[in-house]
Structures are given as C-alpha cells and as structure tokens.
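Structural description and commentary
The residues making up each chain are set out below.
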Amino acid sequence: MLYLSKILPTIISPLFICLVLILVSLVTKKSRYSILSISLLTICSLPITANIATKYLEKGHLPKTVNEIDSADAIVVLSGLLRTVKFGSSFTYDLTEAADRLIAGIDLINAKKAPFIIFTRAQHPWSLGRPEGEILANLAVKFGVQKEKILMTRPVHNTSDEARAVKELLSSPRNKIILVTSAFHLKRAEKVFTKSKITVLPYPVDFRTEVSKLTLLDLIPNSESLYKSSIAVREMFGRLYYY
C-alpha cells in the first residue's frame, strides 16, 4: 500500500502525463496529442499557475505567532524537512525549505506551549541513513531544547502512520496537540490526526504562496514553477487518497 501511495501521485504528475501524451502521439501519429502535451507542460511551468495552485492549498490558513496559539499536551513536528546526502560511506543531512517546521517547533517548546515536543521517525523502506526524527531531535538539543522534553515515535512511513504513532505516545484518550507542518499540507494532516481522535491545534508554517506584482516573468515557464505545480498536484491527490 505504501508503494502504491507513492507511485500513483507520480503517474498523475504533469510531467508524466506529458510524456504519456507524447508517446501516444508517436504511436498514433496524431499531432494533437503532442500539442496537448506541450500546452499542459507550458501551463504547469508558469509561475502564475504554480502560485494559484499553492494559494488554493494554503487557503484557510494564516501565519501565527507563538502567543496566538493555546497550550497543548504536546507539540508534533511532522517530517519532510531533511535531505540525506552521502559522502563516501557516511551520511549527512541538509534542511530543506520546510525547515520552518523545526524552527516553529523549537519556538513553541521554548515558549512552554506544551511539556513535550514529538518528532517522528519517518523513513521509507528504500531510504538510506537514519530516521528523520532522530536527526531533528539532535538539532533541537543543539538549539537548547532539553532532552527530557523530546519524544520520538516508532518508525513511520507516511502521515497516517505518524498520526497513529503519535496517538500511541499520548497518555489520555483525547490529547490536544499543536500540529506543526507546511501550510499546503496542513489540511490533510489535520484531518488524518483528527480521525485518530486527537484534538488538533493547527500551526501552519513554510508558506509558499508568493506575493508580488504581476509581471511578464509570471507568464514565462520555468522549472521551479513546474516543480511547485507538481507538488500541488501531489498534495491534491494526497487529500483524495486519504479521503
């Protein structure tokens, strides 16, 4: 099931669909499929398209300060903010653009919004190196968080696993958590945790909707926008998958 949940979003990604359309065009010798492929690729590569899609996913969530969030029983920082890099026989780990999740979690625990901060031992079966939660826990300690305030889940593979694993760490039937994750991912994550009978206080970070004046550059395709559009499609599929 895990492999299926990872393969399906790839199959419906803009790039994969474009490649299929080109293949169909070559087999059928009908140029309209190639034209459709180029059109789809162009639209998904436009900055304005990527921004609209990201804005839709982040709809309903606004940035919050630490003082605006109520206290809870635990702070949960969802995984997805590390990149594993290998040099020779050793591994190192780089923070990605989702690093705001870690920063927000540290700010919240330092503000005493909860007695514990929970990191998840997220790792796919095909991943190399250590589980993400272990690396994040070490980073949190370096930034001044006391070890006794850090909890880690068992190994998990996706958001659904994370919710069940966090539930196992909570002491009462309906604990309240502050859920820290990227704004575009929050709606899906909140529903998954709520389904596990956990009361959620959402704390969105890592906003990716860019605010600027509309210019000619917004109508020129680029690879970064294609990447953002692909992430948006993947998240939309993820919401449907969990539904």
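The notes below deal with the structure included here. (Residues numbered from 1 in each chain as written. Predicted model: local features only at pLDDT ≥ 70, side-chain atom pairs only at ≥ 80, totals over all residues. Heavy atoms only, no water.)

Details of the side chain of Glu132
- Counting through the fold element by element, Glu132 comes out in helix α6 (residues 132–142).
- Salt bridges are absent for the buried Glu132, whose nearest opposite-charge side chain, Arg101, sits at 6.1 Å.
- In contact with Glu132, other than residues within four places in its own chain, are Ser79, Gly80, Leu81, Leu82, Thr120 and Ala122. (Helix = DSSP H or I, 4+ residues; strand = E, 2+ residues; numbered from the N terminus. Buried < 20%, exposed > 50% of the residue type's maximum accessible area, 1.4 Å probe, protein only. Lys, Arg positive; Asp, Glu negative; His and termini not counted. Salt bridge = Lys/Arg side-chain N within 4 Å of Asp/Glu carboxyl O. Contact = heavy atoms within 4.5 Å.)

Considering unusual backbone geometry
- One non-glycine residue with positive phi stands out, namely Lys112, at about 60 degrees.
- By secondary structure assignment, the location of Lys112 is in the loop between α5 (100–110) and β4 (117–122).
- For Lys112, a relative accessible area of 67% corresponds to the exposed category.
- Even without being a glycine, Lys197 presents a positive backbone phi close to 65 degrees.
- Topologically, Lys197 is positioned in the loop between α8 (183–195) and β7 (199–205).
- Exposure remark for Lys197: the relative accessible area of 54% places this residue in the exposed category.

Considering the state of the cysteines
- All chains considered together, the criterion is met by zero disulfides.
- Free of any disulfide, Cys18 has its nearest neighbouring cysteine sulfur in Cys44, separated by 6.6 Å. (Disulfide = S-S within 2.5 Å.)

What to know about α5
- Looking at α5, one finds that the buried residues are Arg101, Leu102, Ala104, Gly105, Ile106, Leu108 and Ile109.
- Buried residues along α5 sit in contact with β1 (74–77), β3 (90–95), β4, α6, β6 (176–182) and β7.
- Just past α5, the residue Lys112 takes up positive phi, approximately 60 degrees.

A short note on the packing of helix α7 (residues 159–169) against α8
- Closest axis-to-axis distance for the α7/α8 pair is 9 Å, and the angle between their directions is 45 degrees. One finds that α7 runs oblique with respect to α8. For the element pair α7 and α8, the recorded crossing hand is right-handed. Contacts between α7 and α8 involve Thr159, Ser160, Glu162, Ala163 and Val166 from the former and His185, Arg188, Ala189, Val192 and Phe193 from the latter.
- A class-by-class count of the residues in the contact of α7 with α8 yields five nonpolar, three polar and two charged. (Axes fitted to C-alpha atoms, helices over the stretch in contact; angles between N-to-C directions. Parallel < 35°, antiparallel > 145°, perpendicular 65-115°, else oblique. Left-handed = near helix turned anticlockwise from the far one by under 90°. Nonpolar A, V, L, I, M, F, W, Y, C, P; charged D, E, K, R; others polar.)

Details of α8
- Taking 1.5 Å per residue, 13 residues should reach 18 Å; α8 reaches 19 Å between its end C-alpha atoms and fits that length.
- The sharpest bend along α8 comes to roughly 25 degrees, located at Ala189.
- Taken as a whole, α8 has its buried residues at Ala183, Phe184, His185, Leu186, Arg188, Ala189, Val192 and Phe193.
- Lys197 occupies a position one or two residues after α8 and carries a positive phi of about 65 degrees. (Expected span 1.5 Å × (residues − 1). Bend = angle between axes of the 7 residues up to and from the residue.)

Topic: the pattern of salt bridges
- With the rule as written, the count across this model stands at nine salt bridges.
- For Arg208, the salt bridge goes to Glu97, with nearest N and O atoms at 3.3 Å. You can see Arg208 sitting in the loop between β7 and α9 (223–242) and its partner Glu97 sitting in the loop between β3 and α5, a full 111 residues away along the chain.
- Judged by relative accessible area, Glu97 falls into the partly exposed class, the value being 48%.
- Here Arg154 and Glu168 are joined by a salt bridge, their closest N and O atoms 3.0 Å apart. Here Arg154, found in strand β5 (residues 150–156), pairs with Glu168, found in helix α7; they are 14 residues apart in sequence, far enough to count as distant.
- The exposure class of Arg154 is partly exposed, given its relative accessible area of 33%.
- Residue classification places Glu168 among the exposed residues on the basis of a relative accessible area of 52%.
- One continuous salt-bridge network, built from bridges that share partners, spans Glu97, Asp206 and Arg208.

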